[in-house]
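Coordinates in review
So you can see what is in the structure, the chains are spelled out below.
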Amino acid sequence: MKEKIGNNLVLKIFSVIFAFLLWVFVINVDNPVITRSFSDVPVDMLNEQVLDDLNQTYTIEDGDTVSFTVRGKKDIVDQLKKSDFRATADVSSMSDVHAIPIQVDALKYKEQLEIDTGNATVKIVLEDLKSDQFPVTVKVKGEPASGYTVTDQTASPNLVSVSGPKSTISQIDEVVAEVDVSGLKKDVTTTQTLKCYDSDGEEISQNDITLDTKEIHVYVQLSKTKTVPFTVKTKGSPASGYILGSVTYKPKEIEITGNADDLDKIDEIELATLDISNSAEDVEKTIKASEIKLPDGISFVKDASDIGNIVIRANIEKQKERTLEIPVSQITLENNTDNYDVTFDDETIEVQLTGLQSAVDGVKAKDLNPKIDMSLYKEGTHTVQVQLTDIDNVSIKGNVSTTITVK
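Below: a short report on this structure. (Residues numbered from 1 in each chain as written. Predicted model: local features only at pLDDT ≥ 70, side-chain atom pairs only at ≥ 80, totals over all residues. Heavy atoms only, no water.)

1. What about the packing of aromatic side chains?
Under the counting rule described, the total for this entry stands at three aromatic pairs. Measuring from centroid to centroid gives 5.0 Å for Phe38 and Phe85, while their planes differ by 55 degrees, and the two rings are tilted. Note that Phe38 is positioned in strand S1 (residues 33-46) and Phe85 in strand S4 (residues 85-90), a separation of 47 residues in sequence. Under the relative-accessibility criterion, Phe38 is labelled buried at 5%. Consider the rings of Phe68 and Phe85, whose centres lie 5.2 Å apart with planes at 65 degrees: the pair is edge-to-face. With Phe68 in strand S3 (residues 65-73) and Phe85 in strand S4, the pair connects residues that are 17 residues apart, well separated along the chain. On the basis of relative accessibility, which here comes to 2%, the residue Phe68 falls in the buried class. (Phe/Tyr/Trp six-rings, centres within 6.5 Å; stacked < 30°, edge-to-face > 60°. Helix = DSSP H or I, 4+ residues; strand = E, 2+ residues; numbered from the N terminus. Buried < 20%, exposed > 50% of the residue type's maximum accessible area, 1.4 Å probe, protein only.)

Given below as structure tokens:
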């Protein structure tokens, strides 16, 4: 046995070594060690509370993601994904220049991998921490159903606390809860997400700020509406020789809201009473919408500031008298069912007009539409009344008559 073992011993040892080397070669050819790169892996910040004790917070200037290489066996490395790694930066290990080393750990095959981050760091900017309270502003968008309007909106809670970097908190102008009321006909309570806006109306990102509550309950109250006319009264009479023309103002009507029973009691809203006594020129009065007295429980749908001032003008003009001659040929004979032959004793009739100069001067015969109702007359000679159409701001003095002969 000793002779068998001893024979060719060197050759046997060499065979074992060769077999091992061959095995290593085959293994490395079939499953070599390779290196693979990964990029844009998010970095998690650890131990941020160490800054809370200093009443400070931070913003990341550079390094919120990391790139690194992984070295290991091909069969392992080939199956790895970004999600198989976790990148972290421990705030407690921050350097004097505010750089934090990034540590990348494999979540599996940890002992079989080598990870190289290239000394990657997260660079941060430190800032004082600030906390402030803001009232919640409820804003509605859209339009309720026709005949309804929003009369109240309430947030609960109506005050929120916001904390974060001082520079960001200082930008906040208002905290808003927005509610869509499109097509609504009844009150609604809804849960809304809060948004922060700066003085320019731009939304502020909430990535680095914290609200003590992100969602609030909003109650929106709807009421019925009604459109009623404004009215203006006058008192007194203009100076001798002058007459009151039109009374102008805008808007002529307004939309109001309130309890349905209260709305039913209102048909108009009086703006003012203008005193035109002895006036020889226009009379004006300016009324602020906020000064208009409304019945209890009634309000304007629009804010008084949106309505603005209402300027009322009573137009005072000179009174003019004019005699208008109308040819009898322009008089219409109505209801002449018996086909009477009608002749006039005069060629014209005279109409005495009085009123605003601008109106009186513009009157023409056709505007008065003169006519006689023949159903009232039989054969013979008659003194008849001529019917005339009324014209705004013009008065006809007395009755206008003429003599006709009916055959």
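2. Focus: the pairing of strand S15 (residues 215-235)
In this sheet, S15 lies alongside strand S8 (residues 148-156) in antiparallel orientation, the contact comprising eight bridges. Bridge pairing in S15 places Ala155 opposite Val218. Summarising the sheet, S15 and strand S17 (residues 253-258) pair through six bridges and their orientation is antiparallel. Residue pairing for S17: Val228 is matched across the bridge by Ile254. (Pairing = 2+ DSSP bridges.)

3. Brief notes about the side chain of Asp373
Tracing the backbone shows Asp373 in strand S25 (residues 371-373). Side-chain polar atoms of Asp373 contact the side chain of Asn335, separated by 2.8 Å. Apart from the residues lying within four places of it in its own chain, the contact partners of Asp373 are Glu334, Asn335 and Gln387. (Polar contact = N/O pair within 3.5 Å; in protein donor to acceptor, adjacent residues only side chain to side chain. Contact = heavy atoms within 4.5 Å.)

4. Things to note about the layout of surface pockets
Approximately 420 Å³ is the volume found for the largest pocket. Along the wall of the largest pocket there are 19 residues; nearest its centre are Val140, Thr149, Val150, Thr151 and Val301. Elements represented by at least two residues in the lining of the largest pocket include exactly strand S7 (121-141), S8, S17 and strand S20 (298-300). For the lining of the largest pocket, the leading source of residues is S8, giving six residues. In terms of residue class, the lining of the largest pocket is built from seven nonpolar, six polar and six charged. Forming the boundary of the second largest pocket are 15 residues, of which Glu48, Thr57, Tyr58, Pro165 and Asp208 lie nearest the centre. Only helix H3 (49-52), strand S2 (56-62) and strand S9 (159-165) provide two or more residues apiece to the lining of the second largest pocket. Broken down by element, the lining of the second largest pocket gets its largest block of residues, four residues, from S2. Considered class by class, the residues forming the lining of the second largest pocket number five nonpolar, seven polar and three charged. (1 Å grid on protein atoms, 1.4 Å probe; cavity = no way out; pocket = protein on both sides within 12 Å on 5 of 7 lines; lining within 4 Å. Points joined across faces, edges and corners; volume = space filled by probe spheres on them. Nonpolar A, V, L, I, M, F, W, Y, C, P; charged D, E, K, R; others polar.)

5. Describing the sheet that holds strand S26 (residues 380-385)
Strands in a sheet are paired, the pairing made by backbone hydrogen bonds, and the direction either parallel or antiparallel. In spatial order, the strands read S23-S28-S26; together these three strands make up an open sheet with antiparallel pairing. Where the open sheet ends on each side, the last strands, each with one partner, are strand S23 (342-344) and S26. For this sheet the average axis-to-axis angle between neighbouring strands, irrespective of direction, equals 35 degrees. Pairing of S23 with strand S28 (residues 401-406) involves three bridges; the strand directions are antiparallel. Each residue of the ladder has a partner; that of Val342, found in S28, is Val406. (Axes fitted to C-alpha atoms, helices over the stretch in contact; angles between N-to-C directions.)

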